[in-house]
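Coordinate analysis (summary)
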Amino acid sequence: MGTAGEPCYREMQGSVRADGRRFVTCGGGRGLFGSARRWALAAAAALGAASASLTPAPAQQRSAGIEDARPFPTANPDGWAKRRWIEKTARLLRGGEGLGPDDDVDSLMTLPEDEIARRFMRDARFGDMVLDFNLFMLGFKPDRLRNGSGYERTAFDFSNAIASAQAVLAGGDYLKLFDLRGPLYLAPLSDEPEDPPAGADAGLTSPQLRLKVMAEVRAAFAAVIARGKGARPNGDWYCSLVGKFLERRDDIASRFVRAFNDAEVFVFTRVQLIQGPFAAVASVHAEECDGQPEQWVEIPLIVGALETALYRLDRAFAEILKHEPAAYRPRSLAEFRPFDLTALIDTHAWLAFGHEQSIALGNSSTNFNRKRAAYVLKRFFCDDIVASPPEPPAPARSHAQAKAENTCIACHAKLDPMAGFFRGHGAYFFDYGRMSAIVFDDLSTAERTKYEAAWRAQPGANREWNVGYVRSAATPDGTAFGNTVEDLSRIIRAAPEAKRCVVRRLFEYMVAPDQMIDSGWLDHLTQAFEREAAVDSGEAFRNAVLRIAQSRAYRERDLAPRQCYDFAPGTNPGDAPPCRIAHVLKKNCMSCHDSAQDGDGNLDLGRWIAAPGGRERTFPHLDKFWDQVRPEETLAKIAERLAARDPELRMPKNRLMRADERDELMQWAQQELVRLRQRGER
Amino acid sequence: MRRLFALALFVMAAAPAAQAEVLSSQFKGLAAASREISRRIAPGDSPIELGKYLPAEDLERLLGSWAGFGNEHNFRNGVPNALNMVIWHATLSRFAAAVGESCATPRLPMQARFRATLKKVCAWPAESARDEAVLQAFWLALMGYQAPEAEYAAWRDFFRSAYAAKPAAETVAAMTLAIAMNPYFLLHQ
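Residues numbered from 1 in each chain as written. Chains lettered and ligands numbered in written order. Predicted model: local features only at pLDDT ≥ 70, side-chain atom pairs only at ≥ 80, totals over all residues. Heavy atoms only, no water.

**Focus: the overall build of chain B**
Looking only at helices and strands, chain B features 8 helices and 0 strands. Helices and strands in chain B line up, N terminus first, as α-α-α-α-α-α-α-α. The buried share of chain B, taken over its 189 residues, is 59%. Pairs at least 24 apart in sequence give 67% of the contacts found in chain B among residues at least 6 apart. Accessible area of chain B: about 7,100 Å², with a carbon and sulfur share of 58%. (Helix = DSSP H or I, 4+ residues; strand = E, 2+ residues; numbered from the N terminus. Buried < 20%, exposed > 50% of the residue type's maximum accessible area, 1.4 Å probe, protein only. Contact = heavy atoms within 4.5 Å. Areas by Shrake-Rupley, 256 points an atom, 1.4 Å probe, with all protein chains shown as cover.)

Below, the structure is given as structure tokens:
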């Protein structure tokens, strides 16, 4: 049998390598390989070897000319490892672009790793990495950011991801990632509208069609304005004319959008590009025309409103046209340009959720934004309540209450207050905050004040809304209350959980999404990130990248997913329980269970010793005769106490334990129990 | 060839059940593989799009992909299975054939440095093409440093022996396919 991970191109017995060592013997079959990669290797081997013969390799001669150009010294395995690290790091930090012929690898080889990484971070392509990571963190990572020399439209979708990545490049604030309101980055306009030009539009290019629809809107306004100028028309007549014009706004808007694709129409709808100016005119029209005698109608005011609306439209059109592909095709992230929101009527900041996010995070009249709440908890706080339901409030006394706790409250206590931040946002995250009704993505409608009453705080609560980030329903003191999306951004910025989440996702992005990370090491990285981010979050991000790039897990070729490779300074992993639970125990249990002699339950959860018989390892745990308890009994007791509902039995006693940590510990204990029992049966 | 391929697929298909605990290695996906290959061998302004070698349209998502619309994106279809291995093999065979055919007439955009390396390998089976430095340069041009050195040694020795008398186009295509189908190239690292 060969060794797992050894190269195997065909069945060979006892071949000798060029370096004199025995070549791997591969007989095929399941026992040879230990993971999916090995199975893939087997496939590659079988395919590659399909037409192989058993001719032995003849001795080789080298040509002198090529020898000089050798790209690396073969006799230096350390050199190979460093070159691999350089290539991997280049690929990571340059948006997927590894080493190429224009890279002087020999020169890089002379530099220390941190200097190499910092060089790559000074490259403009580092912006692509930060943006790609931000999209990964936000749950919308694409396969590719670029298409040829330009960027895919999806790269522009999440504006806070762009703002944050640009900030890192410019030495600014990486934590702009948490600002849910900010600039709008409109992608270069599409070369293909959603529907191909037809009828009178047939044959027009996209830029031509865009100019045409803008001219149509201008002409519609100009015609009404012209009738109000010169000799004063009859007030009733002009009010009627403008009223009819206002009634055509939906028609004008729908004709306008035929020149654009869905993503562009989404942006123009949310910023009320056409409807906004109409609304301003409608307001003046209502003031002057409703119930007024003809002679009291101030026609110049109506005309002025129309002219102002047209001026705003012209400004907005000019801003849109700056995004024609002929004029705007950013070649790097630094060249992404924010849309000038001052060109719009009253959109001062853009809600970060773009076209795709608005579809993915739709709401309805019955889900009360809970999908959006679950998204924020998962993506910004790494609190996935679907995968790991949170801890319910303190146990109730009645059966009915207890049942409700188990089934509903645990999740809703966190979800509902978070959902309240979006209570004014209906379909496509459109802001209905100033309207009397709200429309949802399922096209149902609700009266807004009635709908929002779901989040109104009870009298005497000292706050208007039950809206906020609930850390734990069991200990409401940790809740950060707020009201608006801006408050949510502020809460995320201040929350240590969000910074820990950034570091954790960065590890997953750089190493592997399902790779186990030691909680102590994660905390160690997070503390450094928090400390540095308080001064310069861009530099803190770069340093976090560098720390992970220099970790063991990053260097390892064949990672075991449930193994930890890096630990906090001062940790000796051999003396501690497995990494997946060691930090959980330390954080939640060891203040009481810290000694088999003096600790509660005669249990020491900080040490990991040989069990009686020497086959297994276990926690020091003494029974009433001061004999070591069998590992199975210790594990069964741990699982029982973790699952207990009785507050007298439930562990940790009178303390809060994060749901994901309880889940992790429980899973581990149960898996160990199964393993020990199976081993006992054998 | 067919029997070996079928055997490999059978073995792979049986793997997930037995190895569910250690399935962390997933394909990097066609987009990432295209980027890597392009960076190594294609001119900056003419990237190689491996999707063009797919045996049929819309198969890219079966090779491991973040793409999606209307839902949060998760990496899908990244775990090797019988179906996606067939697609990878078909795709990379076509790519490898293009590299092999480029010994006579360029079939894909190439940087000057890779063209020079390819030219030397295309002298196969001449002694100069079997040179350590030539083979190593060709390996590195396609694989980079992702694989351990032992992988290179095994690949080199295999071709020096099994393909000792084969023509250049066939050998270069087989060399390319062997590199591209290597798990160190295909899998996320």
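**Thoughts on the state of the cysteines**
Residue and element names in this part refer to chain A. Throughout the structure, instances matching the rule amount to 3 disulfides over all chains. Bridging Cys239 to Cys289, the disulfide has an S-S length of 2.0 Å. Looking down the S-S bond of the Cys239 and Cys289 bridge, the torsion is -80 degrees, so its handedness is left-handed. Residue Cys239 is located in helix 9 (residues 235-247), and its partner Cys289 is located in helix 12 (residues 275-289); the two are separated by 50 residues in the primary sequence. (Disulfide = S-S within 2.5 Å.)

**Some points on the confidence of the model for chain A**
Summarising the model, chain A shows a mean pLDDT of 84, and 85% of its residues fall at 70 or more. For residues 1-75 of chain A, every residue scores under 50 in pLDDT, and the model assigns this stretch 165 contacts once sequence neighbours within four places are set aside. (pLDDT = per-residue confidence, 0-100.)

**Looking at the packing of helix 9 of chain A against helix 12 of chain A**
Residues and elements named next belong to chain A. At a minimum axis separation of 10 Å, helix 9 and helix 12 run at an interaxial angle of 150 degrees. On the basis of the axis angle, helix 9 is roughly antiparallel to helix 12. Both helix 9 and helix 12 take part in a crossing whose hand is left-handed. Between helix 9 and helix 12, the residues in contact are Cys239, Val242, Gly243, Phe245 and Leu246 and Phe278, Val281, Ala282, His285 and Cys289, respectively. Grouping the amino acids of the contact of helix 9 with helix 12 by side-chain chemistry returns 8 nonpolar, 2 polar and no charged. (Axes fitted to C-alpha atoms, helices over the stretch in contact; angles between N-to-C directions. Parallel < 35°, antiparallel > 145°, perpendicular 65-115°, else oblique. Left-handed = near helix turned anticlockwise from the far one by under 90°. Nonpolar A, V, L, I, M, F, W, Y, C, P; charged D, E, K, R; others polar.)

**A word on the packing of aromatic side chains**
What the rule picks out here adds up to 49 aromatic pairs over all chains. Look at A:Phe266 and A:Trp350: their rings are 6.0 Å apart centre to centre, the planes differ by 85 degrees, and that puts the pair in the edge-to-face class. Taken together, the residues A:Phe266 in helix 11 (residues 262-270) and A:Trp350 in strand 4 (residues 350-351) connect sequence positions 84 residues apart. Both residues of the pair, A:Phe266 and A:Trp350, belong to the buried class. In this structure an aromatic cluster arises from ring pairing among B:Phe114, B:Phe138, B:Trp139, B:Tyr152, B:Trp155, B:Phe158, B:Phe159 and B:Tyr163. Sitting over the ring of A:Phe481, A:Arg463 keeps its end group 3.7 Å from the ring centre. (Phe/Tyr/Trp six-rings, centres within 6.5 Å; stacked < 30°, edge-to-face > 60°. Lys NZ or Arg CZ within 6 Å of the ring centre and 35° of its normal.)

**A few points about the pattern of salt bridges**
As a working rule, side chains carrying opposite charge can pair if their charged atoms are close by. All told, the structure shown has 58 salt bridges over all chains when counted by the stated rule. Where A:Arg144 meets B:Glu60, a salt bridge forms, and the shortest distance between an N and an O atom there is 3.3 Å. Note that A:Arg144 is positioned in the loop between helix 6 (126-137) and strand 1 (146-147) and B:Glu60 in the loop between helix 2 (30-41) and helix 3 (82-101), a pairing that runs across two chains. For B:Glu60, a relative accessible area of 19% puts it in the buried group. A salt bridge links A:Arg255 to A:Glu216; the shortest N-O distance between them is 3.6 Å. (Salt bridge = Lys/Arg side-chain N within 4 Å of Asp/Glu carboxyl O.)

**As for the confidence of the model for chain B**
Chain-level statistics for chain B give a pLDDT mean of 87 and a share of 87% at 70 or above. In this model, residues 1-23 of chain B is a region of pLDDT below 50 whose contacts with residues beyond four sequence positions or in other chains number 38 contacts.

**Some details on the packing of helix 8 (residues 206-228) of chain A against helix 13 (residues 299-321) of chain A**
Residues and elements named next belong to chain A. Between helix 8 and helix 13, the least distance of the axes is 9 Å, while the angle of their chain directions is 165 degrees. Taken together, helix 8 and helix 13 sit at an angle that is classed as roughly antiparallel. Classified by chirality, the crossing of helix 13 by helix 8 is left-handed. Only Ile299, Val303, Leu306, Glu307, Ala309, Leu310, Leu313, Asp314, Phe317, Ile320 and Leu321 of helix 13 make contact with helix 8, whose side of the interface consists of Leu211, Met214, Val217, Arg218, Phe221, Val224, Ile225 and Gly228. Residue classes in the contact of helix 8 with helix 13 are distributed as 15 nonpolar, 1 polar and 3 charged.

**Things to note about helix 11 of chain A**
Residue and element names in this part refer to chain A. For helix 11, the set of buried residues is Ala263, Glu264, Phe266, Val267, Phe268 and Arg270. Looking at the buried side of helix 11, the elements it contacts are helix 10 (249-256), helix 13, strand 4 and helix 14 (355-360). By the N-cap criterion, in which a side-chain oxygen at the helix start approaches the backbone nitrogen of a residue two or three places on, helix 11 is capped by Asn261, the distance to Ala263 being 3.2 Å. Two residues or fewer after helix 11 comes Gln272, characterised by a positive phi angle close to 55 degrees. (Polar contact = N/O pair within 3.5 Å; in protein donor to acceptor, adjacent residues only side chain to side chain.)

**A closer look at the side chain of A:Gln357**
Residue and element names in this part refer to chain A. Summarising the element assignment, Gln357 is placed in helix 14. Judged by its relative accessible area of 1%, Gln357 falls in the buried class. Once you skip the residues sitting within four places of it in the chain, Gln357 turns out to touch Phe140, Asp157, Phe158, Ala352 and Phe429.

**A few points about the environment of B:Gly78**
Residue and element names in this part refer to chain B. With respect to the secondary-structure elements, Gly78 resides in the loop between helix 2 and helix 3. Overall, the relative accessible area of 2% leaves Gly78 in the buried class. Between the C-alpha atom of Gly78 and that of Gln26, which follows or precedes it by 52 residues, the distance is 4.6 Å. Aside from chain neighbours lying at most four places away, what touches Gly78 is Gln26, Phe27 and Gly64.

**Focus on the environment of B:Tyr53**
Residue and element names in this part refer to chain B. You can see Tyr53 is positioned in the loop between helix 2 and helix 3. Residue class for Tyr53 comes out buried when judged on its relative accessible area of 8%. A C-alpha to C-alpha distance of 8.1 Å links Tyr53 and Ala90, two positions 37 residues apart in sequence. Beyond its immediate stretch of four places on either side in the chain, Tyr53 contacts Ile48, Ala90, Thr91, Arg94, Phe95, Ala98, Arg107 and Leu108.

**Digging into the nonpolar core**
By size, the foremost hydrophobic cluster in this structure holds 106 residues, and its most contacted members are A:Leu131, A:Tyr174, A:Phe336 and A:Phe541. In terms of nonpolar packing, the next biggest core, distinct from the first, is built from 58 residues, B:Cys122, B:Leu177, B:Met181 and B:Phe185 among them. (Core = buried A, V, L, I, M, F, W, Y, C linked by side-chain atoms within 4.5 Å.)

**Quick notes on unusual backbone geometry**
Of note, the bond from A:Met651 into A:Pro652 is cis; its omega dihedral lies within 30 degrees of zero at -5 degrees. Mapped onto the elements of the fold, A:Pro652 is located in the loop between helix 24 (631-643) and helix 25 (659-681). Cis peptide bonds are those with omega within 30 degrees of zero, and the linkage from B:Trp124 to B:Pro125 qualifies with 5 degrees. Relative to the helices and strands, B:Pro125 is located in the loop between helix 4 (112-121) and helix 5 (132-143). You will see that A:Phe368, though not glycine, has its phi angle at about 50 degrees, which is positive. With respect to the helices and strands, the residue A:Phe368 is situated in the loop between helix 14 and helix 15 (370-381). For A:Phe368, a relative accessible area of 23% translates into the label partly exposed. Of note in this structure, A:Leu443 is not a glycine but carries a positive phi near 70 degrees.

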